[in-house]
Amino acid sequence: MIKLLHVIAIGALVSSAVYAYSIKYETTLAAEHLQKLKTKTQRERDAIQVLKAEWQFLNRPDRVQALAERHLDLQPFVVTQVVKPSDIPNRGPKVDTIGRKLEDLGLGMPTETPRSSARAGGTTSATTPGPMQ
């Protein structure tokens, strides 16, 4: 009986040592992985800082001005280019030409009338205009 107890105790001792070693090994691997992630994160932050510096260098006003003068044919602003809002023509109604063609072919859904959309709980201003005759 005592020999069996000794075998069980030795087995428990060996298994607990193996378990402790495996936990230590997993912890070491996790710490190494964490350190790699920190290093990678720092490298990415450094790369972002370099990109920001390059962006600021490329967007200097004097450089952009020189590029605009070299590549764009810009003319000075003339006062006659300004118009009053009343001089701008009104925009025509929105027309759904594809929907109208589908309705003419009998393939599309008919447009709602203001009366039917009001009954359905909708507003009359959200209806689409019907086909012009």
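These figures come from a predicted structure and were not determined experimentally. (Residues numbered from 1 in each chain as written. Predicted model: local features only at pLDDT ≥ 70, side-chain atom pairs only at ≥ 80, totals over all residues. Heavy atoms only, no water.)

A closer look at the overall build of the protein chain
Then, in step 1: Helix and strand counts for the protein chain come out as four helices and zero strands.
Then, in step 2: Listed by position from the N terminus, the elements making up the protein chain come as α-α-α-α.
Then, in step 3: Roughly 13,000 Å² of accessible area belongs to the protein chain as shown, and the carbon and sulfur atoms make up 64% of that amount. (Helix = DSSP H or I, 4+ residues; strand = E, 2+ residues; numbered from the N terminus. Areas by Shrake-Rupley, 256 points an atom, 1.4 Å probe, with all protein chains shown as cover.)

Considering the confidence of the model for the protein chain
Then, in step 1: Mean pLDDT over the protein chain works out to 84, with 81% of the residues at or above the 70 mark.
Then, in step 2: No element of the protein chain has a lower mean pLDDT than helix α4 (residues 114-119), which averages 47, and none a higher one than helix α1 (residues 2-58), which averages 96.
Then, in step 3: A low-confidence stretch, residues 113-127 (pLDDT under 50), is modelled with ten contacts involving residues beyond four sequence positions or located in other chains. (pLDDT = per-residue confidence, 0-100. Contact = heavy atoms within 4.5 Å.)

Re the pattern of salt bridges
Then, in step 1: Under the criterion given, the structure shown has one salt bridge.
Then, in step 2: Here D62 ties to R60 by a salt bridge, and the two come within 3.4 Å at their closest N and O atoms. (Salt bridge = Lys/Arg side-chain N within 4 Å of Asp/Glu carboxyl O.)

Regarding the packing of aromatic side chains
Then, in step 1: Evaluated as defined, the whole model comprises one aromatic pair.
Then, in step 2: Sitting over the face of the ring of F57, R60 holds its NZ or CZ atom 4.3 Å from the ring centroid. (Phe/Tyr/Trp six-rings, centres within 6.5 Å; stacked < 30°, edge-to-face > 60°. Lys NZ or Arg CZ within 6 Å of the ring centre and 35° of its normal.)

Some remarks on a nonpolar patch on the surface
Then, in step 1: Taken together, I98, L102, L105 and L107 make up a surface patch of nonpolar side chains, about 450 Å² in accessible area.
Then, in step 2: With respect to the helices, strands and loops of the structure, I98 is situated in helix α3 (residues 97-105). (Patch = residues over 30% accessible without salt bridge, like charges linked within 9 Å, V, L, I, M, F, W, Y side chains within 5 Å.)

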